[in-house]
Amino acid sequence: MTAWLSFLVVFLSSWSLRDLVVEACTCVPIHPQDAFCNSDIVIRAKVVGKKLMKDGPFGTMRYTVKQMKMYRGFQIMPHVQYIYTEASESLCGVKLEVNKYQYLITGRVYEGKVYTGLCNWYEKWDRLTLSQRKGLNHRYHLGCGCKIRPCYYLPCFATSKNECIWTDMLSNFGHSGYQAKHYACIQRVEGYCSWYRGWAPPDKTIINATDP
């Protein structure tokens, strides 16, 4: 073995697996409505405790939550007590503060546990817009049969009647853009989908358009 190879072996063996992990969590932008519709569980909750679980090479963070309201997932898990996430942010784990804020948390259920991560929609409740709150209560559910198609460069066209074109990416805002904050893609009684601006007066053509 050459001196260079000997140095390389010693150098690599001196690194732990944790050292070799880089900031590798990359998420595709997703509209809040899609995040809602693609989640098993959507809740408003306050974190009241946390514990690092010693499972896997990096561990899992278990947050104890006080559920304030459930928006999706009644049939799967009527009450959520724990939220699980990767302990490392490089593996898309989320960091939630204890006894400080109420959060909107979305996640998937696996083997009876609710898991969330940086690629799920989570946010401090007081940062949500009024339109997003109305979406959680009612409007996003009405649009789960619609498809929100991201537009990264112009021109963009809907290819079917159930599509809404999402243009926030054109300004590099992604999920934080104006459409994400203020619009829902709603299915109309005629069968096609179109954007609905949350604070505008309800359109009578929207199915069950009564405000929550």
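See above for the structure.
Quick look at the structure, then. Sequence order as written defines the numbering, with residues in each chain counted from 1. Two thresholds apply to this predicted model, a pLDDT of at least 70 for residue-level local features and 80 or more for giving and counting side-chain atom pairs, whereas whole-chain, interface and lining totals are computed over all residues. Hydrogens and water molecules were not included; the side-chain quantities draw on all heavy atoms of the structure.

### Considering the overall build of the protein
Going by this rule: The secondary structure listing takes helices from DSSP runs of H or I that are at least 4 residues long and strands from runs of E that are at least 2 residues long, numbered from the N terminus. In this scheme, a residue with accessible area under 20% of its type's maximum is buried, one over 50% is exposed, and one in between is partly exposed, where area comes from a 1.4 Å probe on protein chains only. Two residues qualify as a contact provided that any one of their heavy atoms is within 4.5 Å of a heavy atom in the partner residue. Each accessible area is a Shrake-Rupley result for a 1.4 Å probe, and residues are judged covered by the shown protein chains and nothing else.
A count of helical and extended segments in the protein gives five helices and 10 strands. Looking at the protein as a whole, 40% of its 212 residues qualify as buried. Partitioning the intrachain contacts of the protein with sequence separation of at least 6 by distance along the chain shows that 53% fall at a separation of at least 24. When the accessible surface of the protein is summed, it comes to about 12400 Å², and 56% of that surface belongs to carbon and sulfur atoms.

### Thoughts on the pairing of strand E3 (residues 82-86)
To be explicit about the condition: Paired strands, as defined in this entry, are two strands with at least two bridges between them according to DSSP.
Across five bridges, strand E2 (residues 60-72) lies against E3 in antiparallel orientation. Its bridge partner lying in E3, Thr64 is registered against Tyr82.

### Things to note about the side chain of Arg62
Its location among the elements puts Arg62 in strand E2. Once residues lying within four places of it in the same chain are set aside, the contact partners of Arg62 are Gly49, Lys50, Lys51, Met53, Tyr82, Ile83 and Tyr84.

### Observations concerning the packing of aromatic side chains
Heads up, the rule is: In summary, the pairing rule links any two rings of Phe, Tyr or Trp, Trp by its six-membered ring, whose centres are within 6.5 Å, and it sorts them by plane angle into stacked for under 30 degrees, edge-to-face for over 60 and tilted for everything else. In our convention, an over-ring charge means Lys NZ or Arg CZ found within 6 Å of a ring centre and within 35 degrees of that ring's normal.
In the structure shown here, the tally under the stated rule is nine aromatic pairs. Ring geometry for Phe36 against Tyr140: centres 6.0 Å apart, planes inclined by 55°, an arrangement best described as tilted. You can see Phe36 sitting in helix H3 (residues 32-37) and its partner Tyr140 sitting in helix H4 (residues 130-142), a full 104 residues away along the chain. The same class applies to Phe36 as to Tyr140, namely buried. An aromatic cluster of at least three residues, connected via ring pairs, comprises Tyr82, Tyr84, Tyr110 and Tyr115. A cation sits over an aromatic face here: Arg62 above Tyr82, 4.3 Å from the ring centre. Directly above the aromatic system of Tyr101 lies the positively charged group of Lys124, at a separation of 4.1 Å from the ring centroid.

### Focus: the state of the cysteines
The line we're drawing: Cysteine sulfur pairs qualify as disulfides if the two atoms are within 2.5 Å.
For the structure shown, the criterion picks out six disulfides. Across the protein, the way the bonded cysteines pair up, counted in sequence order, is 1-4, 2-5, 3-6, 7-12, 8-9, 10-11.

### With respect to unusual backbone geometry
Glycine aside, residues mostly have negative phi, and peptide bonds are mostly found in the trans state. Cis geometry is adopted by the peptide bond preceding Pro155, which originates at Leu154 and carries an omega value of 0°. Of note, Pro155 is situated in the loop between strand E7 (147-150) and strand E8 (163-166). Phi is positive for Asn99, close to 55°, though the residue is something other than glycine. By secondary structure assignment, the location of Asn99 is in the loop between E3 and strand E4 (102-110).

### Some thoughts on H4
Selection criterion: For a helix, the expected span equals 1.5 Å multiplied by the residue count minus one. Here the bend at a residue is taken as the angle between two axes, fitted respectively to the seven residues that end there and the seven that start there.
Across its 13 residues, H4 extends 17 Å between first and last C-alpha, which sits within 8% of the 18 Å expected from 1.5 Å per residue. Bending of H4 peaks at approximately 70° at the position of Leu136.

### What to know about the pairing of strand E1 (residues 41-53)
Note that E1 and E4 share six bridges and pair antiparallel. Within E4, the position partnered with Ala45 by the bridge is Tyr103. In the sheet, E1 pairs with E2 via 11 bridges, with the strands oriented antiparallel. Bridged to Lys46 within E2 is Lys66. Connecting E1 to the antiparallel partner E2 that follows it, the hairpin turn spans six residues, and Gly56 within it adopts a positive phi of roughly 80°.

### Re the pattern of salt bridges
Rules: Each reported salt bridge corresponds to a side-chain nitrogen of Lys or Arg within 4 Å of a carboxyl oxygen of Asp or Glu.
The final tally for this structure, using the stated rule, is three salt bridges. In this structure, Glu97 and Lys100 form a salt bridge, with 3.4 Å as the shortest nitrogen-oxygen distance. According to the relative accessible area criterion, Glu97 is partly exposed, its value standing at 33%. A salt bridge links Arg149 to Glu163, with the nearest nitrogen and oxygen atoms 3.1 Å apart. Here Glu163 lies in strand E8 and Arg149 lies in strand E7, a separation of 14 residues in the sequence. Note on Glu163: relative accessible area 6%, which makes it buried.

In short, shape yes, function no, at least from these values alone.
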